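Chain by chain, the residues run as shown.
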Amino acid sequence: MKKRKVGIGFNYRNCDAFARYLHEQSLRGQHFKEFRLGLVFEIGEPADLYYAVEVFPKGSEMDTRPEKSTEEYAEYCEAAGWKLIDSSRKFCVFRRTKEDAVPIVEPKERFANIRKAEWLLWLNRAVPFFLLTFLYGAQLLTGNFGKLIFSNAMLHILLFMMLFFIEYLLDGIFLLYWSVTRGRMLRAGHVPIYGGGKHRAFIAALPFILFLVSAAFLALSRDGFFLPYVLPSAAATVFVLLTVLWIAYRRPSRSDNLTFQILAGLGFTFFACFGTIVIVLSIGNDSRDEARFKNAEDFPLIQEDYRQMDGEITWTLGEYTESILGSAGHFFVTYSIEESGEPHASGESSSDNLWYTIYQSPHPWILDKLWEEEIPESAGHPEDRSKAWDALSAVSRTRENGVCIEMVRYPDRLFVINSEGRLDDRQIRMIREKLMHET
């Protein structure tokens, strides 16, 4: 009869605690047999069996069973009174067969093996998150601040990336402390005990579970509108999970395991690309925010709101994003100017364009950052128009092509207006009344 204990594991630096746990199970009549979807024990008579758990330096995180190098190492250990029961990753589990069996590895070598395995594992896990957090943070702090700060999905990702970053940073600090203190013990002539308790896989995976659950809640929170965000991610997660479970059960060789994981990575990429296409199509066809501004009459502002226009609207574009930190609306309106009408202000175009952005947020630091981000790189000297706009601050800049840029800051909103030709005070009053009323 067999008994499988799923979700129980140990770190490399807790290998003595692992061996003690196996010894305690043997006293209860549960004798360790193998790694397969957890720890597998064979039920029998209670026995006082002693185990040793070693970190094999030639092992790999891709190992799911003893490789040739591990079997050769096992032959050496068996002659010393230790029989290899099973191995997984760099863990090798031995059972003592001789009362006078000597330790398998010298204390200094054992510490070096454990320390190297722990640091390599930490680097493999932490470095990708550090790089992703850095790249995402750089995007947030540069030209994409206005796009990312008003997206709940992006804020959700940033939050968990920061949590993972802090988690791995603390793990690295603790590992450094552990390495220094154990090294001092050895130099002082003491043999460290690599103890500690077992950990549950569920607890270790809890941050990822919370990330997935909160992402699903976020996506479904608007009457299922963002369901396309969830389905591809859920499919990719299930695919990867099934692959991991299959590998844990079948226990392929190191090379086969690498092949399967590459295929799993390609599968995940496929689901991710498919999900991106679904999301883009969904947003392009069903976006409620775009539908909200489908007609020019729904726009907060068009040229007719503040001056006489000849011609008709030939093209509009309205985009709106909103997060817990505020909202951003981007609008573009093009009028086709009739030839029989009055000449266009610039005298060079048969169309009149107005494009503007409305930012709203109760957090002043966000509007301050957006103000800095929206300052045009190539424009004329700023003209202070705070009095005309009755705003906290307002500046006007004119480009060489005649386009005038108005940046207007109020306590809870920021307007960035690009118009063809300078706005006079009467037009400013009309625009201000319209925007303040509509937003």
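Residues numbered from 1 in each chain as written. Predicted model: local features only at pLDDT ≥ 70, side-chain atom pairs only at ≥ 80, totals over all residues. Heavy atoms only, no water.

**Overview of the overall build of the protein**
Scanning the protein from N- to C-terminus turns up 13 helices and 15 strands. Across the protein, every contact between residues at least 6 apart in sequence was considered, and the portion connecting residues at least 24 apart equals 61%. When the accessible surface of the protein is summed, it comes to about 24,800 Å², and 59% of that surface belongs to carbon and sulfur atoms. (Helix = DSSP H or I, 4+ residues; strand = E, 2+ residues; numbered from the N terminus. Contact = heavy atoms within 4.5 Å. Areas by Shrake-Rupley, 256 points an atom, 1.4 Å probe, with all protein chains shown as cover.)

**A closer look at the confidence of the model for the protein**
On average, residues of the protein carry a pLDDT of 84, and 83% of them reach 70 or more. Across residues 282-291, confidence stays below pLDDT 50; counting only partners more than four residues off in sequence or on other chains, it has 13 contacts. Counted against residues more than four places away or in other chains, residues 340-347, with its pLDDT under 50, gives 9 contacts. (pLDDT = per-residue confidence, 0-100.)

**Looking at the layout of surface pockets**
Counted as a void, the second largest pocket has a volume near 480 Å³. Taken together, 23 residues line the second largest pocket, and the ones lying closest to its centre are D16, A52, E54, P103 and R110. Classifying every residue of the lining of the second largest pocket gives 16 nonpolar, 1 polar and 6 charged. (1 Å grid on protein atoms, 1.4 Å probe; cavity = no way out; pocket = protein on both sides within 12 Å on 5 of 7 lines; lining within 4 Å. Points joined across faces, edges and corners; volume = space filled by probe spheres on them. Nonpolar A, V, L, I, M, F, W, Y, C, P; charged D, E, K, R; others polar.)

**Some remarks on helix α11 (residues 364-374)**
Side chains of residues three or four places apart in an α-helix project in the same direction, reflecting 3.6 residues per turn. Regarding α11, the residues found buried are I366, L367, L370 and W371. Along α11, the residues classed as buried sweep out an arc of 140 degrees about the axis, all on the same side. Where α11 is buried, its residues meet α4 (145-148), β11 (351-360), β13 (393-398), β14 (403-410) and β15 (413-420). (Buried < 20%, exposed > 50% of the residue type's maximum accessible area, 1.4 Å probe, protein only. Arc of directions from axis to C-beta.)

**Quick word on the sheet that holds strand β1 (residues 2-5)**
Strand pairing in a sheet relies on backbone hydrogen bonds, with the paired strands running either antiparallel or parallel. Taken in spatial order, the 3 strands line up as β1-β4-β3 in an open sheet, and their pairing is antiparallel. Edge positions in the open sheet fall to β1 and β3 (30-35), since each of these has one partner strand only. Pairwise comparison of adjacent strand axes, ignoring direction, gives a mean angle of 35 degrees for this sheet. (Pairing = 2+ DSSP bridges. Axes fitted to C-alpha atoms, helices over the stretch in contact; angles between N-to-C directions.)

**Some thoughts on the nonpolar core**
In terms of nonpolar packing, the biggest core is built from 33 residues, with F18, L22, F32, L39, V53 and V93 touching the most fellow members. Those elements that place two or more of their residues in this core are α1 (15-27), β3, β4 (39-43), β5 (51-55), β7 (91-96), α3 (107-141) and α5 (152-187). Considering every element that reaches this core, the biggest residue donor is α3, with 7 residues. Setting aside residues up to four positions removed in sequence, F32 forms contacts with L22, L39, V40, F41, Y51, I85, D86, V93 and R95. Judged by nonpolar contacts, the second largest core, of 24 residues, contains Y356, W389, A394 and L423. (Core = buried A, V, L, I, M, F, W, Y, C linked by side-chain atoms within 4.5 Å.)

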